[in-house]
Each structure stands twice: as structure tokens, then as C-alpha cells.
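Overview (structure and organization)
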Amino acid sequence: MRFLVLDGSHLLISLIQRILDGKVDLEEVATFDEALAALEQRPPEAVIANIGPDGLPWREFQDVCQGHSPKIPVLFESCVFHSPEDAGLGPLNHSCFFIEKPYHASDLREQLERLVRYNKRQGSRKPPEA
């Protein structure tokens, strides 16, 4: 299983690896545009995206993830916004989640496990052909 992580912190990558005990491959991207390109060229099984105050079109990002078949579940995290509505995402559906920073590692574990469970319910994504 492969997660795409859009977050400026390398700490999050190590935390995810430790929590999921190396059971997922992580692809880290640094920018919104890199994340969109990765979604198009090599869709992951799940996405973790840090939402900052930069005014990026996160609702459209969510729509791109939901437009895949199968849908790509997304965990949005933010230390700036207190809810998905504050971040401009609107109410989230059953494949998108939100967690406010700071959070406890057990809260992150719960959210990561939700992403894994959601993906398993949908069936695994076929890797892109070379």
C-alpha cells in the first residue's frame, strides 16, 4: 500500500512509518502541484495533506481524489484550521477525514488505520503500467 504525503515535516513521515510499522510505502511531495502530478501519474492508495494558510484550492484537491476509481481517501491535517469547513473543504464524505494539530500519536494512528480500512474495503488499486 502506498501513501502520498504532502507535509513540510519529515517528522510526520517517520511517525507514520513507526505507527504503521513499515506496512506502507510513503511518497513525500513538497508542493501542492507535485501532489496533483502524483495523483495523476501514479495514484496512491491514500493521501495525507497538511493544510496551511496559503489559500490553495483544497476543495478541488479533494475532488480530484474523489474522482479516481477507486476513490483515494484523504486525511487532511491542519494547525491553522479547526475544522474542514474552516479550511474551505465543506462537510467531508466517508472517504475524507480531518485532524487538527497538535494531536496525540494515538489520534494519528486511529486516522491512519481508517485510511487503511477504507482502502481495503474498496479493494486494492492496480499499479500503473510501465
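One can find the structure itself at the top, above this paragraph.
A short tour of the structure in this document, coming up.

Quick notes on the rules
One numbering rule holds for all chains: residues counted from 1, following each sequence as written. The predicted nature of this model means local features are confined to residues of pLDDT at least 70 and side-chain atom pairs, given and counted, to a pLDDT of 80 or more, with totals for whole chains, interfaces and linings taken over all residues. Based on all heavy atoms of the structure, the side-chain values leave hydrogens and waters out of the count. Here, any two strands with at least 2 DSSP bridges between them count as paired. Each helix is a run of DSSP H or I of at least 4 residues and each strand a run of E of at least 2, with the numbering of both proceeding from the N terminus. The angle between two axes is taken between their N-to-C directions and runs from 0 to 180 degrees, where each axis is a line fitted to C-alpha atoms and a helix contributes only its stretch in contact. Any two residues having at least one pair of non-hydrogen atoms within 4.5 Å are treated as being in contact. Think of it in three bands: with a 1.4 Å probe and only protein chains considered, a residue is buried below 20% of the maximum accessible area for its type, exposed above 50%, and partly exposed in between. Pairs of N or O atoms are called polar contacts if they sit within 3.5 Å, as long as, within protein, a hydrogen donor faces a hydrogen acceptor (for residues adjacent in sequence, only side-chain-to-side-chain pairs). We define a salt bridge as a side-chain nitrogen of Lys or Arg found within 4 Å of a carboxyl oxygen belonging to Asp or Glu. Two rings from Phe, Tyr or Trp (for Trp, the six-membered ring) form a pair when their centres are within 6.5 Å of each other. A pair whose planes differ by under 30 degrees is stacked, one over 60 is edge-to-face, and the rest are tilted.

1. Digging into the sheet that holds strand E5 (residues 96-100)
Pairing between the strands of a sheet is mediated by backbone hydrogen bonds and can be parallel or antiparallel. If you trace the five strands from one edge of the open sheet to the other, you get E2-E1-E3-E4-E5, paired in parallel fashion. With one partner strand each, in any of the chains shown, strand E2 (25-29) and E5 form the two edges of the open sheet. When strand polarity is set aside, the average angle formed by the axes of neighbouring strands in this sheet is 20 degrees. As judged from the five bridges shared by strand E1 (residues 2-6) and E2, these two strands associate in the parallel manner. From the neighbouring strand, Val5 faces E2, where its bridge partner is Glu28. Set on the sheet, helix H3 (residues 58-67) makes contact with E1, strand E3 (46-50), strand E4 (74-78) and E5; between it and E3 the angle comes to about 175 degrees.

2. Observations concerning the side chain of Asp7
Turning to its location among the elements, Asp7 is positioned in the loop between E1 and helix H1 (10-19). Judged by relative accessible area, which is 5%, Asp7 ranks as buried. A polar contact is formed between the side chain of Asp7 and the backbone nitrogen of Ser9, at a distance of 2.6 Å. At 3.4 Å, the side chain of Asp7 and the side chain of Lys101 are in polar contact. The residues touching Asp7, leaving out its near neighbours within four places in the chain, are Leu12, Glu28, Val29, Asn50, Glu77 and Lys101.

3. Some points on the pattern of salt bridges
Oppositely charged side chains can pair when the atoms bearing their charge come close. Taken as a whole and assessed by the stated rule, the structure comprises four salt bridges. With a shortest N-O distance of 3.4 Å, Lys101 and Asp7 are connected by a salt bridge. One end of the pair, Lys101, is in the loop between E5 and helix H4 (105-122); the other, Asp7, is in the loop between E1 and H1, with 94 residues separating them in the sequence. Among the residues examined, Lys101 registers a relative accessible area of 22% and is labelled partly exposed. For Glu77, the salt bridge identified is with Lys101, shortest N-O distance 3.5 Å. Pair noted here: Glu77 is in strand E4 and Lys101 is in the loop between E5 and H4, with a separation of 24 residues, a long-range link. Linked through salt bridges whose partners overlap, the residues forming this network are Arg2, Glu27 and Arg42.

4. Remarks on the environment of His94
Checked against the element boundaries, His94 lands in the loop between E4 and E5. The exposure class of His94 is exposed, given its relative accessible area of 52%. Apart from residues no more than four positions distant in its own chain, His94 is found in contact with Lys71 and Tyr118.

5. Some points on the side chain of Ser95
Secondary-structure assignment places Ser95 in the loop between E4 and E5. The buried category is assigned to Ser95, whose relative accessible area is 0%. At a separation of 2.4 Å, a polar atom in the side chain of Ser95 contacts the side chain of Gln66.

6. Let's talk about the packing of aromatic side chains
Aromatic rings in a pair are described by how distant their centres are and how their planes are angled relative to each other. Scanning all chains against the criterion turns up five aromatic pairs. Relative to Phe61, the ring of Phe32 has its centre 5.6 Å away and its plane inclined at 45 degrees; by these criteria the two rings are tilted. Linking Phe32 in helix H2 (residues 32-41) with Phe61 in helix H3, this pair joins segments that are 29 residues apart in sequence. One exposure class covers both Phe32 and Phe61, and it is buried. Taking 6.3 Å as the distance between ring centres and 80 degrees as the angle between the ring planes, the aromatic pair formed by Trp58 and Phe76 counts as edge-to-face. Note that Trp58 is positioned in helix H3 and Phe76 in strand E4, a separation of 18 residues in sequence. What makes Trp58 buried here is its relative accessible area of 3%. Among the residues examined, Phe76 registers a relative accessible area of 0% and is labelled buried. Taken together through their ring pairs, the aromatic side chains of Phe32, Trp58, Phe61 and Phe76 make up a single cluster.

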